[in-house]
Amino acid sequence: MAEIEREAMEYDVVIVGAGPAGLSAAIRLKQLDADINVVVLEKGSEVGAHILSGAVLDPCGLDALIPDWKEKGAPLNVPVKEDNFYMLGEAGKLRVPNWPMPPLMNNHGNYIVSMGNVCRWMAEQAEALGVEIFPGMACSELVYDDKGGIKGVVAGEFGKDADGSHGPNYEPGMELHGKYVFLSEGVRGSLAKQVIAKYDLSQGHEPQKFGIGMKEIWEIDPAKHKEGTVTHTMGWPLGGNAGGGSFIYHLENNQVYVGFVVHLNYKNPYLFPYMEFQRFKHHPMVAELLKGGKRVAYGARAISEGGYQSMPKMVAPGVALLGCSVGMVNVPRIKGNHNAMLSGKAAAEAAHAAIAAGRAGDELSDYETEVRTGAIGKDLKKVRNVKPFWSKWGLVPSLVLGGFDMWTNTLGFSLFGTQKHGKTDAEATEEASKHKPIDYPKPDGTLSFDRLTNVAFSFTNHEESQPAHLQLKDADVPVKVNLPKYAGPAARYCPAGVYEFVSEEGKDTRFVINFQNCVHCKTCDIKDPSQNINWVTPQGGDGPNYPNM
Ligand SMILES: Cc1cc2nc3c(=O)[nH]c(=O)nc-3n(C[C@H](O)[C@H](O)[C@H](O)COP(=O)(O)OP(=O)(O)OC[C@H]3O[C@@H](n4cnc5c(N)ncnc54)[C@H](O)[C@@H]3O)c2cc1C
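Residues numbered from 1 in each chain as written. Predicted model: local features only at pLDDT ≥ 70, side-chain atom pairs only at ≥ 80, totals over all residues. Heavy atoms only, no water.

Participant: Give a description of helix α1 (residues 20–32) that names residues and reports values.
Facilitator: Between its terminal C-alpha atoms α1 stretches 18 Å, which fits the 18 Å expected from 13 residues at 1.5 Å a residue. Judged by how many residues are buried, α1 sits mostly within the fold: 11 of 13 residues are covered. What α1 keeps buried is the set Pro20, Ala21, Gly22, Leu23, Ser24, Ala25, Ala26, Ile27, Arg28, Leu29 and Lys30. (Helix = DSSP H or I, 4+ residues; strand = E, 2+ residues; numbered from the N terminus. Expected span 1.5 Å × (residues − 1). Buried < 20%, exposed > 50% of the residue type's maximum accessible area, 1.4 Å probe, protein only.)

Right under this line is the structure:
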């Protein structure tokens, strides 16, 4: 095929992804220099359309970036008033008191927010400062300079046919060049993944770890709604099958965020994270809360869990990785938005200083130093052993040991050093022959729902004529390897029902990819045991259309 010719636009800084990390970087750059040219490209149809968090927001990132956020009308309207933690059994619950928890676990001072709405507000702040923001623009390729550094991205390619050829309405998109490119694509960024591989940025660091977070918004009976209440649970239904737990956050307008996270290092390929979430809602404590209410939205997104020891090198020539493209979630707090914002601010300050000194296209090593030694590093270092303890010893020992280690780290030391994660989540999957299938109850259509019904509430949409953005490296692997060896786990780990093994009489089993259902969570890219699925961006504007997630 002939080389595609594209127009190029020049900026000082090109930012991929309008999440909290990317928008913070854009705002900080303009605060430092009103004349600096900054562009933000977002694959969602609008800013916020692909944002999915809990979310309880620690405002420290916003305080550092926009200290007068309250006067400027930031949508942080629900301060946390009550903070509960329960261990669940199938029918019962045990309240874990707050007093033995280290202070970092305290949610008072935090806010229950829609991060989608926070990002929409941040985009308004950025635009008021002169940042150019283009939603509906997926960045599909990196552009290299002649020394092998990164000088830009390709965005806005539209109109390919299913076989990859150029359809009648083909648009080649544009190259956006910058003195620096910031990749703030969130967890398992598709361009960040390429950069990490090309420059071997994970070398010397532990593998990144992940969970899959699923979330529904419910409108509940006002009599049961307690604005500002935060509840976390562990235990049932996952038990010893996997790490994870739930969150229930009471926001405004009688709405409740009900979410469930399953750590993706589970061994049993029969585990079905989505069905664990659905089953969880039948616990008497949750069922009672939701009874009479209605689910109004659904979504899913991977969450980075490797923390301190898994952060790869985050700069290479011309490029910096921000926020969860590095993996900055504090796992026991289930919080990463504050660190995403702080990383955006730090990257902006490093790029501003470099540009002011006449530099371009080199490594912003001051940014990396700030992340590792500043507020983000300190936040993540204290909790670095919680996840490895959990993976090695299970829930209860990890609560005791992890709690003890968080306390000593708060006082400035650890008896355990820095624990390793070891395997990747894909490698953690064991062969089906070592495990038994799990019997999940059928969704009742009131509290629990089948996947496809729920996916309709993510409002996801993909132009069907384009090539599948879930690419198989080897088309034979799903049926020839993953089905016999791992009982075809793609049919279960995907929270949107994208993957199916279809068997028809007299025909060979087929692996079907319903990419139209994809909610961009990236679980397949992470958990496929053969690492055979590559998630690339579909055309811009496609994907979920989350309301106030
Ligand atoms: C279920 C769940 C619950 C969570 N709960 C909390 C919580 O309560 N509190 C908390 O602080 N944190 C929470 N987190 C973590 C938090 O969501 C992340 O730490 C945070 O989103 C990271 O911000 P980011 O800007 O790095 O990435 P994101 O918020 O993921 O934003 C990335 C943006 O980049 C866009 N993008 C990606 N690739 C491209 C591309 N190639 N081209 C163009 N655009 C692109 C995406 O569409 C998206 O808009 C939770 C996460 C999950 C999954």
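Picking up after the structure, the text goes on.
Participant: Which residues make up the packing of α1 against helix α3 (residues 115–128), and what values go with them?
Facilitator: Two numbers describe how α1 lies on α3: the axes approach to 9 Å, and their chain directions differ by 20 degrees. Our classification of the angle between α1 and α3 gives roughly parallel. Of the two elements, α1 crosses α3, and the hand of that crossing is left-handed. Residue-level contacts link Pro20, Leu23, Ser24 and Ile27 of α1 to Met115, Cys119, Met122, Ala123, Gln125 and Ala126 of α3. Residue composition of the contact of α1 with α3, by class: eight nonpolar, two polar and no charged. (Axes fitted to C-alpha atoms, helices over the stretch in contact; angles between N-to-C directions. Parallel < 35°, antiparallel > 145°, perpendicular 65-115°, else oblique. Left-handed = near helix turned anticlockwise from the far one by under 90°. Contact = heavy atoms within 4.5 Å. Nonpolar A, V, L, I, M, F, W, Y, C, P; charged D, E, K, R; others polar.)

Participant: Describe the site of the ligand, listing the residues and the values that go with them.
Facilitator: Residues in close proximity to the ligand total 38 residues, the closest being Glu42, Ser53, Gly54, Val56 and Cys324. Backbone polar atom of Lys43 to a nitrogen atom of the ligand: 3.0 Å apart, as the coordinates give it. Interatomic distance of 3.3 Å between a backbone N/O atom of Ile334 and a nitrogen atom of the ligand. When isolated, the ligand has an accessible area of 1,000 Å², and the protein chains bury 97% of it. Within the residue set of the shell around the ligand, elements represented by two or more residues are α1, β2 (38–42), β16 (244–250), β18 (294–304) and α7 (337–356). Sorting elements by how many residues they give to the shell around the ligand places β18 first, with three residues. Its residues placed into classes, the shell around the ligand shows 20 nonpolar, 13 polar and five charged. (Near = heavy atom within 4 Å. Polar contact = N/O pair within 3.5 Å; in protein donor to acceptor, adjacent residues only side chain to side chain. Areas by Shrake-Rupley, 256 points an atom, 1.4 Å probe, with all protein chains shown as cover.)

Participant: Please give an account of the pattern of salt bridges that cites residues and values.
Facilitator: What the rule picks out here adds up to 25 salt bridges. Across the pair Arg28 and Glu349 runs a salt bridge, and its minimum N-O distance is 2.7 Å. Separated by 321 residues along the polypeptide, Arg28 in helix α1 and Glu349 in helix α7 bring together distant segments of the chain. The shortest N-O distance in the salt bridge between Glu305 and Lys387 comes to 2.6 Å. Remark: Lys387 occurs in helix α10 (residues 386–393) and Glu305 occurs in the loop between β18 and β19 (315–316); sequence separation between them is 82 residues. In this structure, Glu305 and Lys387 share a single accessibility class: buried. Members of the salt-bridge network, linked through shared partners, are Arg6, Glu141, Glu157 and Lys160. (Salt bridge = Lys/Arg side-chain N within 4 Å of Asp/Glu carboxyl O.)

Participant: How would you sum up the environment of Ala353? Please name residues and give values.
Facilitator: Topologically, Ala353 is positioned in helix α7. For Ala353, a relative accessible area of 43% translates into the label partly exposed.

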